[in-house]
Amino acid sequence: QVQLVESGGGLVQAGGSLRLSCAASGRTFTMRAMGWFRQAPGKEREFVAAKSWSGPSTYYADSVKGRFTMSRDNAKNTVYLQMNSLKPEDTAVYYCAARNGIAVITSPSYNFWGQGTQVTVSS
């Protein structure tokens, strides 16, 4: 099985930046795509970004496109989410996810999930 651990969350003022990390362990050879999702209080879990493990394509939600960048380090079995120009509406618990298929934007398609890391953006 795959284990995912997110880190890098915290409190930041609007306009600031944070870099989230997701370290994978276990049977990581089964992973073909990774995704980032977030969930705010009273809201449904929503897609943020997704990227295949070996392909060049990266997909972003319209709400974060141009501000967030997803990247990967295959040697470290780690993916990152660089978040710039943060807004209060970005406040949420951010989750890393993995699946053994192509990159998609639907959360039920992902097999493995991290514990989440809190991101709070103050006005």
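Before reading further, recall that the structure is shown in the block above.
Model, not experiment: these values are computed from the prediction.

### With respect to the packing of aromatic side chains
For any pair of aromatic rings, the description consists of the separation of the ring centres together with the inter-plane angle of the planes. Taken as a whole and assessed by the stated rule, the structure comprises four aromatic pairs. Ring centres of F37 and W113 lie 5.2 Å apart, and the angle between their planes is 50°; on these two criteria the pair is classed as tilted. Placement of the pair is F37 in strand β4 (residues 33-39) and W113 in strand β10 (residues 112-113), with a sequence separation of 76 residues. Overall, the relative accessible area of 27% leaves W113 in the partly exposed class. A ring pair is formed by Y110 and W113, whose centres lie 6.4 Å apart and whose planes are at 70°; its orientation type is edge-to-face. Grouping aromatic residues by their ring pairs yields a cluster made of F37, F47, Y110 and W113.

### Remarks on the nonpolar core
One finds L4, M34, W36, L81, M83 and Y94 to be the most contacted residues of the largest nonpolar core, which totals 35 residues. The leading source of residues in this core is strand β9 (residues 92-99), at five residues. For M83, the contacting residues outside a window of four places in its chain are G16, S17, L18, L20, R67, F68, Y94 and V119.

Calculation rules
- Residues numbered from 1 in each chain as written.
- Predicted model: local features only at pLDDT ≥ 70, side-chain atom pairs only at ≥ 80, totals over all residues.
- Heavy atoms only, no water.
- Phe/Tyr/Trp six-rings, centres within 6.5 Å; stacked < 30°, edge-to-face > 60°.
- Helix = DSSP H or I, 4+ residues; strand = E, 2+ residues; numbered from the N terminus.
- Buried < 20%, exposed > 50% of the residue type's maximum accessible area, 1.4 Å probe, protein only.
- Core = buried A, V, L, I, M, F, W, Y, C linked by side-chain atoms within 4.5 Å.
- Contact = heavy atoms within 4.5 Å.

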